[in-house]
Amino acid sequence: MAPLIQPSLIKNKVKRQEVANKQKKAKGQQKLQQRLIRAKQEANDPAAKKKRVAENVPKTLDNTREHDPSMLPTSKQPTGSSTVRIEELNADLASDPFAPYFNFTDDPHLPPKVLVTTSPKASRATYDFCDELVGVFPGAEYIRRKKGKGFEVGRIAGWAGGRGYKHLLVVNEDMKKPNAITFIHLPNGPTAYFKLSSVELTKQLFGHARATAHNPELVLNNFATSLGHAIGRMFQTLFPPLPEFQGRQVVTLHNQRDFLFFRRHRYAFRSPEKVALQEIGPRFTLKLRWVKKGLPEVRNFGASPDALEITTGITEEESAPPPTEETAERDGNADADEEDNEMDEGAGEPQPPANTNPPKDGEYLWRWKPELETSRRTFFL
């Protein structure tokens, strides 16, 4: 076989293109012949095809992601290089805010109460998206948010937590389009903030199915780290623990490169071997930005700071007045009254929960920053 001529060495443009096209065509014919020969061999030996497919795994950003110390062991990698132990993971799951949901302290057939609201003076597109969310979550309820003092997100969360709501979803908007969702787990947090994109309502999907009132199944895909596992459990508490399989509805939250793709389908069994999917809608994409501890803070920027008091030369013990007989007797009576009240409350019927007071400062559990992404293969969920 004559050696190949490098087209880059040919100065004539027309001749250079002809040589390059001939070499490209010959290379394609050679690959085709190799595929045909391999197909004949694998037709007689199916094990060879399985071996070839198992070895030829393409490299992607997902399977070449950088190592994260918080990676959890999975079915694909039961041991892996994770530093998180199973005992520590079980202890964390038993003490996290979502443990009562998984311990079935409430009726598993009843859907958790979810309050859906918007930012003040929302547009029509945001209201339509909220209607879709109310149809997705079985226990969701929409209440229009008023404008003014006293309707801050933290105060609304405290009001909802005192009335039996388990979650609060606040849909934010920009340029008259929904662009973010604040997800608050009640009554004590945490609070997560997601950027919202690629929103398509049910009416925008061609050939969509109609939703029913059955509790859907939930599928969570590819949540590999401790943070991703917590976010997955947070979304899982939005749905009843026991789905109604006769409705044949399934909600999927697929994590790929830290983008959460939301889909809802209905499946139908065409035959014992095949199943068909029909999308119900809506579809949207979420991107986690931060997670805070507790409820959203409520800050009063107009309030004057506390007066500064400076005392010199006096210790705390010297500045405190000595206890008298009247104060000692009063303190003893107060302690006895508190014990009596605790006994009375324990013996009587359970009291309704009081409104939760929102904090004044928020503590970040995790926050996305550009400098955290050291490469394209760095993911956090």
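Residues numbered from 1 in each chain as written. Predicted model: local features only at pLDDT ≥ 70, side-chain atom pairs only at ≥ 80, totals over all residues. Heavy atoms only, no water.

**Q** Break down the overall build of the protein chain for me, with residues and values.
**A** Secondary structure summary: the protein chain contains 9 helices and 11 strands in total. Here the protein chain holds 381 residues, and 32% of them are scored as buried. Of the contacts made within the protein chain by residues no fewer than 6 positions apart, 68% connect residues no fewer than 24 positions apart. Element-wise, carbon and sulfur atoms account for 53% of the exposed surface of the protein chain, whose accessible area totals about 26100 Å². (Helix = DSSP H or I, 4+ residues; strand = E, 2+ residues; numbered from the N terminus. Buried < 20%, exposed > 50% of the residue type's maximum accessible area, 1.4 Å probe, protein only. Contact = heavy atoms within 4.5 Å. Areas by Shrake-Rupley, 256 points an atom, 1.4 Å probe, with all protein chains shown as cover.)

**Q** A description of the side chain of His185 should follow, citing residues and the corresponding values.
**A** Inspection of the secondary structure assignment puts His185 in strand S4 (residues 177-185). Within the structure, the side chain of His185 is placed 3.5 Å from the side chain of His167, a separation counted as a polar contact. Those residues within four positions of His185 in sequence are excluded, and the remaining contacts are Pro97, Phe98, Lys166, His167, Pro190, Met234, Thr237 and Leu295. (Polar contact = N/O pair within 3.5 Å; in protein donor to acceptor, adjacent residues only side chain to side chain.)

**Q** For the environment of Tyr193, give the residues involved together with the corresponding values.
**A** With respect to the secondary-structure elements, Tyr193 resides in strand S5 (residues 191-200). Sequence-wise, Tyr193 and Ala180 are 13 residues apart; in three dimensions their C-alpha atoms are separated by 7.3 Å. If near-sequence neighbours (up to four positions away) are discounted, Tyr193 is found in contact with Asn172, Ala180, Ile181, Thr182, Lys287, Leu288, Arg289 and Trp290.

**Q** I'd like a description of the packing of aromatic side chains, backed by residues and values.
**A** Any aromatic ring pair is given by two values, namely how distant the centres are and how the planes are angled relative to each other. Taken as a whole, this structure holds 12 aromatic pairs when the rule is applied. One aromatic cluster is present, formed by Phe129, Phe262 and Phe284 through successive ring pairs. A cation over a ring is seen here: Lys292 above Trp290, with NZ or CZ 5.0 Å from the ring centre. (Phe/Tyr/Trp six-rings, centres within 6.5 Å; stacked < 30°, edge-to-face > 60°. Lys NZ or Arg CZ within 6 Å of the ring centre and 35° of its normal.)

**Q** Quick rundown of the environment of Val153? Include the residues and the values.
**A** Position of Val153 among the secondary structure elements: in helix H6 (residues 153-161). In this structure, the C-alpha to C-alpha distance between Val153 and Glu297, residues 144 residues apart in sequence, is 8.2 Å. When neighbours within four sequence positions are excluded, Val153 is seen to be in contact with Arg145, Leu168, Val170, Ile184 and Pro296.

**Q** With reference to specific residues and values, describe the confidence of the model for the protein chain.
**A** Averaged over all residues, the pLDDT of the protein chain is 83; the fraction at 70 or higher stands at 80%. Scored below 50 in pLDDT, residues 338-352 makes 0 contacts in the model with residues more than four places away or belonging to other chains. (pLDDT = per-residue confidence, 0-100.)

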